[in-house]
Amino acid sequence: VRKLLKARRAPVTLDELADAAPSPRVLLAALAAAVDPAWTEGHRFGVRYELEDDPAASVTVIAEDGRPLRVVDAGDAERAATVTLSATELRKLLAGSATGAKVTGDGRAVKALHTWFDRARGASEA
């Protein structure tokens, strides 16, 4: 019965996960894993998340034409755009809330990535 009850629990939402304050890398990796690789067909880019309050935690999400998204250390990873914000703002942004994030570079890459994230978390149909 315990296994059945556990299986019937409601899934954790991104808002609930963000409230638990996991690292930005964990949050991005969870969303990246939820994105269907087919959605990335025809796209090749990287989006770096530059964290103002913890530069060492900055990461890049890489889309590679039909392959699963990858989350890598920011370092020298190639990127089309950079999103600069705090870790708290990143959690809000990924949950669908507006933030004061600054985007430099190809805004279309950021929009595509966040459209996939929204779709993966069930906030968008397309």
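That block above? That's the structure.
Residues numbered from 1 in each chain as written. Predicted model: local features only at pLDDT ≥ 70, side-chain atom pairs only at ≥ 80, totals over all residues. Heavy atoms only, no water.

A.B. asks: Sorry if this is basic, but what is going on with the overall build of the chain here?
C.D. replies: What the chain contains, in helices and strands, is five helices and five strands. In the chain, buried positions account for 37% of the 126 residues. For the chain, the accessible area works out to roughly 7,600 Å², and carbon and sulfur atoms hold 50% of it. (Helix = DSSP H or I, 4+ residues; strand = E, 2+ residues; numbered from the N terminus. Buried < 20%, exposed > 50% of the residue type's maximum accessible area, 1.4 Å probe, protein only. Areas by Shrake-Rupley, 256 points an atom, 1.4 Å probe, with all protein chains shown as cover.)

A.B. asks: For this particular structure, what's the right way to read the packing of helix α3 (residues 24-34) against helix α4 (residues 87-94)?
C.D. replies: Helix packing geometry: the angle between the two helix axes and the distance between the axes. Look at α3 against α4: their axes get within 10 Å of each other, and the N-to-C directions meet at 20°. What the angle tells us is that α3 and α4 run roughly parallel. Every pair of crossing elements has a handedness; the one defined by α3 and α4 is left-handed. Note on element contacts: α4 touches α3 through Ala-87, Leu-90, Arg-91 and Leu-94, opposite Pro-24, Leu-27, Leu-28 and Leu-31. Partitioned by chemical class, the residues of the contact of α3 with α4 number seven nonpolar, no polar and one charged. (Axes fitted to C-alpha atoms, helices over the stretch in contact; angles between N-to-C directions. Parallel < 35°, antiparallel > 145°, perpendicular 65-115°, else oblique. Left-handed = near helix turned anticlockwise from the far one by under 90°. Contact = heavy atoms within 4.5 Å. Nonpolar A, V, L, I, M, F, W, Y, C, P; charged D, E, K, R; others polar.)

A.B. asks: How should unusual backbone geometry be read in this particular structure?
C.D. replies: In most cases, non-glycine residues show a negative phi, while peptide bonds are predominantly trans. If you check the backbone angles, Asp-65 has positive phi at about 40° while not being a glycine. Inspection of the secondary structure assignment puts Asp-65 in the loop between β2 (59-64) and β3 (70-73).

A.B. asks: Is there a simple way to think about the sheet that holds β3 in this case?
C.D. replies: Sheet strands pair via backbone hydrogen bonds, and the direction of the pair is either parallel or antiparallel. On the basis of which strands lie adjacent, the open sheet formed by five strands has the order β3-β2-β1-β4-β5 and mixed pairing. Edge positions in the open sheet fall to β3 and β5 (102-105), since each of these has one partner strand only. This sheet shows a mean twist of 20° between the axes of neighbouring strands, independent of strand direction. Pairing between β2 and β3: four bridges, direction antiparallel. Pairing of Val-61 across the sheet is with Val-71, part of β3. Running at roughly 155° to β3, α3 makes contact with β1 (44-51), β2 and β3 of the sheet. Packed on one face of the sheet, α4 meets β1 and β4 (81-85) and runs near 115° to β4. (Pairing = 2+ DSSP bridges.)

A.B. asks: Could you clarify how one ought to interpret α3 in this entry?
C.D. replies: Along an α-helix, residues three or four positions apart point the same way, because every turn accommodates 3.6 residues. All buried positions along α3 are accounted for by Pro-24, Leu-27, Leu-28, Leu-31 and Ala-32. Taken down its axis, α3 places every buried residue within 130° of arc, on the same side. (Arc of directions from axis to C-beta.)

A.B. asks: Explain the packing of aromatic side chains to me, please; I cannot follow it from the model alone.
C.D. replies: Working definition: an aromatic ring pair is given by the centre-to-centre distance plus the angle between the planes. Taken as a whole and judged by the stated rule, the model has one aromatic pair. For the pair Phe-45 and Trp-116, a centre-to-centre distance of 5.7 Å together with 15° between the ring planes defines the contact as stacked. Placement of the pair is Phe-45 in strand β1 and Trp-116 in helix α5 (residues 107-120), with a sequence separation of 71 residues. The residues Phe-45 and Trp-116 share a single accessibility class, namely buried. (Phe/Tyr/Trp six-rings, centres within 6.5 Å; stacked < 30°, edge-to-face > 60°.)

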